[in-house]
Amino acid sequence: MLALTRRRDPNSREEAWLIFYGDVRVGTIGRRFGNPPGTDPWSWHCGFTPGSEPGDSKGGTAASFDQARDAFERAWAVFLAKRTEADFEAWRQDRAATAWKYAMWDAGCKLPTQMADGRSRWFCGAEIGIADMDEHIYAAHMEPKPL
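Below, the structure is looked at part by part. (Residues numbered from 1 in each chain as written. Predicted model: local features only at pLDDT ≥ 70, side-chain atom pairs only at ≥ 80, totals over all residues. Heavy atoms only, no water.)

Considerations on the side chain of R83
Right, so step 1: As for its placement among the helices and strands, R83 is situated in the loop between helix 1 (65–81) and helix 2 (85–106).
Right, so step 2: A distance of 3.2 Å separates a polar side-chain atom of R83 from the backbone oxygen of G51.
Right, so step 3: Reaching out from R83, the side chain makes a polar contact with the backbone oxygen of F79 at a distance of 3.2 Å. (Helix = DSSP H or I, 4+ residues; strand = E, 2+ residues; numbered from the N terminus. Polar contact = N/O pair within 3.5 Å; in protein donor to acceptor, adjacent residues only side chain to side chain.)

What follows is the structure, encoded as structure tokens:
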């Protein structure tokens, strides 16, 4: 089984950690900001979509980082027990499709769904239509699954 790892969130102004299971981001632990005095200064969230059902994700607050991490790890054990490899693959496919969409926009390309005939030339040079869009994204633009 893979171990959970954490990385600082480079986009957060407060201390925040992104939690990963292999290459899949499965949650966060971070300092809250703007909360009233006397409330828990840490929050945590465990879960990811797509790849899970509504209500499967859990989150809460804690008085310390260590308490937030412990609560996250307990929630993760329950969440992971309900996951299959297909759930993780759904998240990876969504990540690839989102990255592809932004790369298309950055290159000034239109998406096939924005064209009257449903076809467009992609930043990679391929001309693809709506029907074969997902297959091409997963074959040509998806990072390999870690071993």
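A few points about the pattern of salt bridges
Right, so step 1: Taken as a whole, this structure holds 9 salt bridges when the rule is applied.
Right, so step 2: With a closest N to O distance of 3.3 Å, R83 and D87 form a salt bridge.
Right, so step 3: By relative accessible area, which is 12% here, R83 ends up buried.
Right, so step 4: Taking relative accessible area as the criterion, D87 reaches 17% and is therefore assigned buried.
Right, so step 5: Across the salt bridge formed by R121 and E127, the nearest N and O atoms sit 3.2 Å from each other.
Right, so step 6: Residue classification places E127 among the partly exposed positions, given a relative accessible area of 43%.
Right, so step 7: In the salt-bridge network here, residues are joined through shared partners; they are D23, E85, E89, R92 and R95. (Salt bridge = Lys/Arg side-chain N within 4 Å of Asp/Glu carboxyl O. Buried < 20%, exposed > 50% of the residue type's maximum accessible area, 1.4 Å probe, protein only.)

A closer look at the nonpolar core
Right, so step 1: Of all hydrophobic cores here, the largest spans 21 residues; its most connected members are V26, I29, W44, F72 and W76.
Right, so step 2: Contributing elements (two or more residues each) for this core: strand 2 (16–21), strand 3 (24–31), strand 4 (42–46), helix 1 and helix 2.
Right, so step 3: If sequence neighbours within four positions are ignored, F72 has contacts with L4, I19, V26, G27, T28, I29, W44, H45 and C46.
Right, so step 4: Formed by 11 residues, the second largest nonpolar core is a distinct cluster that contains C109, A126, I128 and M133. (Core = buried A, V, L, I, M, F, W, Y, C linked by side-chain atoms within 4.5 Å. Contact = heavy atoms within 4.5 Å.)

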